[in-house]
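Residues per chain are reported as follows:
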Amino acid sequence: MDTEPAPAEPVVPSLVDRYFTRWYKADVKGKPGEDHCILQHSNRICVITLAESHPVLKSGKTIKSISYQISTNCSRLQNKVSGKFKRGAQFLTELAPLCKIYCSDGEEYTISSCVRGRLIEVNENILHKPSILQEKPSTEGYIAVVLPKFAESKSITEGLLTQKQYEEVVEKRSDGTTGTS
């Protein structure tokens, strides 16, 4: 008796893939390899995460600590948002630092906003358990949530790369390093 191969299970997209559009900022502030990922929801809210090729994720570094204390007078943890119009939210520019990641090897990475808008929330869970930043960077390990101005919500993606463009950049980067070795 011939047995038919079982039909392949349909691949169900993840929650992030289903509801968010991935945008990327490569080499943030001119630092090679320090790439950030912006997950943009259809309601224009942006979730800031690390891109897959960021040294913290790619090199498997051990995170010693994460700090939302940007300067002596500015802490992203002091951000208190209230009401429909998000009163009290800190306003961020594209290059505004969100947090600093300190690794056990002495490396320090500053994570930037990459989009203009109001800081709605920072992920305090990564302060207590930094490993989730590496284990689940697109979900529980997000860094912050930013709400762009409504008038700017279409233009915020102008300086960002699509998933395909980003993959090409990463491929060229890896070809460049293997070609010189």
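See the structure shown above.
Quick caveat: nothing in here was measured; it's all calculated off a predicted structure.

(A) Inspection of the overall build of the chain at higher detail. If you tally the helices and strands in the chain, you get five helices and nine strands. Reading the chain from its N terminus to its C terminus gives the helix and strand order α-β-β-β-α-β-β-β-β-β-α-α-β-α. Over its C-alpha atoms, taken along the principal directions, the chain stretches across nearly 75 × 45 × 35 Å. Residues counted as buried form 41% of the 181 residues belonging to the chain. Long-range contacts, defined as pairs at least 24 residues apart, comprise 58% of the intrachain contacts of the chain with a sequence gap of at least 6. Surface accessibility of the chain: about 10800 Å² in total, with carbon and sulfur atoms responsible for 53%. Charged side chains of the chain number 24 positive and 22 negative; the gap between the two group centres comes to 12 Å.

(B) Broad picture of the pattern of salt bridges. Within this structure, the stated rule accounts for six salt bridges. A salt bridge links R173 to D35; its shortest N-O distance comes to 2.8 Å. With a gap of 138 residues between them, R173 in helix α5 (residues 163-180) and D35 in the loop between β1 (20-25) and β2 (36-41) connect regions that are remote in the sequence. Looking at R173, the relative accessible area reads 24%, which means it is partly exposed. By relative accessible area, D35 is classed as buried at 0%. Across the pair K136 and E140 runs a salt bridge, and its minimum N-O distance is 3.1 Å. One salt-bridge network, held together by shared partners, links D27, D35 and R173.

(C) Inspection of the environment of R18 at higher detail. The residue R18 is located in helix α1 (residues 15-19) in this model. For the pair R18 and H41, spaced 23 residues apart in sequence, the C-alpha to C-alpha distance is 9.7 Å. Once residues within four sequence positions are removed from consideration, R18 is found in contact with V12 and P13.

(D) A look at the nonpolar core. Counting residues in each nonpolar core, the largest one holds 31 residues, and the members touching the most others are I38, L50, I101, V115, L133 and I143. Of all the secondary-structure elements, those providing two or more residues to this core are β3 (46-50), α2 (55-58), β4 (63-67), β6 (97-103), β7 (108-112), β8 (117-122), α4 (131-135) and β9 (144-147). With residues near it in sequence (within four places) discarded, I38 still touches T21, R22, W23, K25, C46, V47, I48, C114, V115 and L160.

(E) Expanded view of the sheet that holds β6. Strand order in the open sheet formed by three strands is β4-β6-β7, with antiparallel pairing between adjacent strands. Among the strands making up the open sheet, the edge pair consists of β4 and β7. For this sheet, the mean angle separating the axes of adjacent strands, direction not counted, is 20°. Here β4 runs beside β6; their pairing, made up of four bridges, is antiparallel.

(F) Seen up close, the sheet that holds strand β5 (residues 91-92). The sheet built from six strands is open, its strands ordered β1-β2-β3-β9-β8-β5 with antiparallel pairing. Because the sheet does not close on itself, it has two edges, and the strands there are β1 and β5.

(G) Main features of the packing of aromatic side chains. As enumerated under the stated definition, the model contains one aromatic pair in all. Seen in terms of ring centroids, Y24 and Y166 are 4.0 Å apart; in terms of plane orientation they differ by 5°. Their pairing is stacked. With a gap of 142 residues between them, Y24 in strand β1 and Y166 in helix α5 connect regions that are remote in the sequence. The burial state of Y24 is the same as that of Y166; both residues are buried.

Reading guide: rules and limits
Residues numbered from 1 in each chain as written. Predicted model: local features only at pLDDT ≥ 70, side-chain atom pairs only at ≥ 80, totals over all residues. Heavy atoms only, no water. Helix = DSSP H or I, 4+ residues; strand = E, 2+ residues; numbered from the N terminus. Buried < 20%, exposed > 50% of the residue type's maximum accessible area, 1.4 Å probe, protein only. Contact = heavy atoms within 4.5 Å. Areas by Shrake-Rupley, 256 points an atom, 1.4 Å probe, with all protein chains shown as cover. Lys, Arg positive; Asp, Glu negative; His and termini not counted. Charge placed at Lys NZ, Arg CZ, Asp CG, Glu CD. Salt bridge = Lys/Arg side-chain N within 4 Å of Asp/Glu carboxyl O. Core = buried A, V, L, I, M, F, W, Y, C linked by side-chain atoms within 4.5 Å. Pairing = 2+ DSSP bridges. Axes fitted to C-alpha atoms, helices over the stretch in contact; angles between N-to-C directions. Phe/Tyr/Trp six-rings, centres within 6.5 Å; stacked < 30°, edge-to-face > 60°.

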